[in-house]
Amino acid sequence: MKSTGGSDAAKRRAGEAAAEQVVDGMVVGLGTGSTTAYAIRALGRAVEAGLDIRGIPTSFQSRALAREVGIPLTTLDDATPDVAIDGADQVADGDLVKGGGAAHAREKVVDAAADRFLVVADESKRADRLDHSIPVEVLPAAATTVEAAVRDLGGDPTLRLAERKDGPVVTDNGNLVLDCAFGALDAPGDLATRLSALPGCVEHGLFVGLADELYVGDDEDVTVERY
Ligand SMILES: O=C[C@H](O)[C@H](O)[C@H](O)COP(=O)(O)O
């Protein structure tokens, strides 16, 4: 799993602290990314020790990791997550930018469906205002029109390119990603609404008002904020 942001020890602390919130019988949304991977591995160890849970993965990658560590899986067709654990690329006032791994569309569906959404992050993800570029997943046929619409909204879109393949990143849903720089956001909710309204936008990485708790790890401890 690609690692971004702060230290692995800080990510591990955050992920493992959030995993401790999971108790017998729960259905757990399994986010994507290097921080959530620590939570998934901790849950796998707990399952091995007898914890009875089911997971709902948010990506090919989190499904593969959950299977590797022995977490039984289900889907949103059959269960509602009691809790979801997921990472973030930036956090300000409980609002998030996600999608550094291009998984934000399914993440948003699962995280929003959960009774409690726990965000796991290291200190490097904190900001006073969100100013990270916003990943926008688009239908391939809409890439050009969404690019133009993002420019009209004051953003600067860049098609995300693959690292070990010629051409663009293709999401788990078969779509493309535009990374859209908007500068520091005064009103992330307004931008979220405008992006959601664009024809051909499958989902964007602004998660506004969705997080319930934030677990932030540093090299010594974990702090928890509730919203
Ligand atoms: O698409 C990926 C997800 O939104 C990740 O949760 C996010 O990029 C944070 O990942 P990491 O914990 O590796 O920084």
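These figures come from a predicted structure and were not determined experimentally.

Visitor: I'd like a description of the nonpolar core, backed by residues and values.
Guide: Counting 58 residues, the largest nonpolar core has Ile 85, Val 119 and Val 136 as its most contacted members. In terms of residue count, the dominant contributor to this core is helix α2 (residues 34-48) (six residues). Inspection of this core shows a minimum of three residues originating in each of domain 1 (8-126 + 209-226) and domain 2 (134-205). Once you skip the residues sitting within four places of it in the chain, Val 136 turns out to touch Val 146, Val 150, Val 177, Leu 178, Cys 180, Leu 195, Cys 201 and His 204.

Visitor: Residue-level account of the site of the ligand, with values.
Guide: Neighbouring the ligand are 20 residues; Gly 33, Thr 35, Gly 87, Gly 100 and Gly 101 lie closest to it. Looking at the shell around the ligand, the elements that each hand over two or more residues are α2, β3 (83-87) and α4 (104-113). Considering each element in turn, the shell around the ligand owes the most residues, three residues, to α2. The residue inventory of the shell around the ligand, partitioned by class, reads three nonpolar, 13 polar and four charged.

Visitor: Can you tell me about the environment of Glu 20, naming the residues and giving the values?
Guide: Its location among the elements puts Glu 20 in the loop between α1 (8-19) and β1 (27-30). Judged by the 13 C-beta atoms lying within 10 Å of it, Glu 20 is partly exposed. Residues Glu 20 and Leu 43, 23 residues apart in the sequence, show an inter-C-alpha distance of 8.3 Å.

Parameters at a glance
Residues numbered from 1 in each chain as written. Predicted model: local features only at pLDDT ≥ 70, side-chain atom pairs only at ≥ 80, totals over all residues. Core = buried A, V, L, I, M, F, W, Y, C linked by C-beta atoms within 7 Å. Buried ≥ 20, exposed ≤ 12 C-beta atoms within 10 Å, placed from the backbone. Helix = DSSP H or I, 4+ residues; strand = E, 2+ residues; numbered from the N terminus. Domains from an automatic or database assignment. Contact = placed C-beta atoms within 7 Å. Near = placed C-beta within 6 Å. Nonpolar A, V, L, I, M, F, W, Y, C, P; charged D, E, K, R; others polar.

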